[in-house]
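Close look at the chain arrangement
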Amino acid sequence: MATKGGLLQEWAQAAQNLLIRSEWGMGLILFLGSWLLMFLLGGPMIHWLRQKRWKKDVVSDAEAWQVREDTPDTHQAKQGTPSMGGIGIISVACGLFGAFVLFLVILGILAGNFTRPRGFWIEIFLTFLIPLIVGAHALLGFADDWSKASGRGGLRARAKLLGQWILASFFVLVLSVLVTQKVGGPSTDFPSLEFGHSELYLFSVAFLILLMVGVSNAVNLTDGIDGLAAGLALQTGAFFWLTQPDFDSHIGVVSNLFWAALAGSCLGFVAYNKYPAKVFMGDTGSLALGAAVGAGAIMTQSVFLLPFIAFIYFVEMFSVTLQVLYFKYTKRKYGEGRRIFRRAPLHHHFELGGWSEWRVVGTFLAINLLTSAIGLILWQLNILPRFP
């Protein structure tokens, strides 16, 4: 007759085998769990944000939460809509992912097959490296949002950009050292990343740092219309999940499932962020999601796939770049600045052309879904090279 301890061990072993053998099953659990949790917590989060009064003598939501100055006049009706909703997106995704990893470890202990091989702590660090860097960007964005909400005007652009460069450099340099030096020994579970030969190493590292900073800012620029940035992040996170690489250890397999949790959290947030938005994600969410997109492209070797699955993010960023460069050029040549678009980023150009927010967001999401499908086909056919 089996003892209680023996039955518990058998149940733990069965549960562990069921989960580990189905990466799609684990991903689905994280996706649905984070969606449901974000959906349930969204209302209380919005209520809490509305009650916050970081400014002195503030008596109304309109005074506490103000829209960006560079938005169309129609956005003035959104005055008083709370921001910092990214707190919910990132907390739910990172929290649920961490709890899931801990649950798997506990199952392994109960099943009696949990081991700590050489390089175990390096594996743990790799598992939580992306959530760590995403959380750090969320803190940077929160500092900017809190500064605005308290009447200080936000962080200086140079200070925020410096913070992004430091965090991106930390992620890429640490990852490149772990991968190229094989820290922890051959038993450590490393992603099959290649940062190039010695003559290309510095170029690869510099390019990847620039990529992370650029994508982080691209998502931040895209977050200017209800539901767009979060909807695109949902698509991007789902496609990262579909392109997950092969890892050897259980912890390595689980590490990539962070994208399923993030996509589910974004889906739950969209319920409150769609037009008319009840909450904005703020820099707390946009900087963190941008970092997640950049880090995800690196960890899944899908840097060349990124322009397809994050197509609209790049379009929005380049629309601003072209607008600024053309304005400066024409001002220097003709004495007055001229514009290519009615207003940048590009979504404001269409808004000022008479498009409703629903139409802009729906069109942009459809285009990005199409380019993502094209990119995924090219990826599966091995036409797009794996890098790094």
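Residues numbered from 1 in each chain as written. Predicted model: local features only at pLDDT ≥ 70, side-chain atom pairs only at ≥ 80, totals over all residues. Heavy atoms only, no water.

1. A short note on the overall build of the protein
Looking only at helices and strands, the protein features 16 helices and zero strands. Out of the 388 residues in the protein, the part that is buried amounts to 52%. Across the protein, the fraction of contacts at a sequence separation of at least 24, relative to all contacts at a separation of at least 6, is 78%. Here the protein has roughly 18,500 Å² of accessible surface; of this, 66% comes from carbon and sulfur atoms. (Helix = DSSP H or I, 4+ residues; strand = E, 2+ residues; numbered from the N terminus. Buried < 20%, exposed > 50% of the residue type's maximum accessible area, 1.4 Å probe, protein only. Contact = heavy atoms within 4.5 Å. Areas by Shrake-Rupley, 256 points an atom, 1.4 Å probe, with all protein chains shown as cover.)

2. Let's talk about the confidence of the model for the protein
For any part of a model where pLDDT is low, the fine detail of the predicted coordinates should not be relied upon. Per-residue confidence for the protein gives a mean pLDDT of 83, with 79% of residues at or over 70. Mean pLDDT values for the elements of the protein range from 52 in helix α10 (residues 250-255) up to 94 in helix α13 (residues 306-309). Below pLDDT 50 for its whole length, residues 184-190 participates in 26 contacts with residues either more than four positions away or in separate chains. Throughout residues 245-252 the model reports pLDDT below 50, and contacts reaching past four residues in sequence, or to other chains, amount to 18 contacts. (pLDDT = per-residue confidence, 0-100.)

3. Some words on helix α9 (residues 228-242)
Spanning 15 residues, α9 covers 21 Å between terminal C-alpha atoms, matching the ideal 21 Å at 1.5 Å per step. With 12 of 15 residues buried, α9 is to be regarded as a mostly interior element. Taken residue by residue, α9 has Leu228, Ala229, Ala230, Gly231, Leu232, Ala233, Gln235, Thr236, Gly237, Phe239, Phe240 and Trp241 as its buried positions. (Expected span 1.5 Å × (residues − 1).)

4. Focus: unusual backbone geometry
Residue Pro276 is bonded to the preceding Tyr275 through a cis peptide linkage, with omega at -10°. Secondary-structure assignment places Pro276 in the loop between α11 (258-273) and α12 (282-299). In this model, Ala344 is joined to Pro345 through a cis peptide bond whose omega is 5°. Among the structural elements, Pro345 can be located in the loop between α14 (311-334) and α15 (346-352). If you check the backbone angles, Met84 has positive phi at about 70° while not being a glycine. Examined against the element boundaries, Met84 turns out to sit in the loop between α3 (61-64) and α4 (86-111). Its identity as a non-glycine residue notwithstanding, Asn382 has a phi of 60°, on the positive side. Locating Asn382 in the fold gives a position in the segment after α16 (357-380). The class of Asn382 is exposed, set by a relative accessible area of 56%.

5. A short note on the packing of α9 against α11
The relative placement of two packed helices is expressed as an angle between their axes plus a distance between the axes. Where α9 meets α11, the closest approach of the two axes is 8 Å, and the angle between their N-to-C directions is 160°. Looking at the two axes, α9 sits roughly antiparallel to α11. For the crossing formed where α9 meets α11, the hand is left-handed. Taking contact as the criterion, the partners of Ala230, Gly231, Ala233, Leu234, Gly237, Ala238, Phe240 and Trp241 in α9 are, on α11, Trp259, Ala260, Ala263, Cys266, Leu267, Phe269, Val270 and Asn273. Split by residue class, the contact of α9 with α11 holds 13 nonpolar, three polar and no charged. (Axes fitted to C-alpha atoms, helices over the stretch in contact; angles between N-to-C directions. Parallel < 35°, antiparallel > 145°, perpendicular 65-115°, else oblique. Left-handed = near helix turned anticlockwise from the far one by under 90°. Nonpolar A, V, L, I, M, F, W, Y, C, P; charged D, E, K, R; others polar.)

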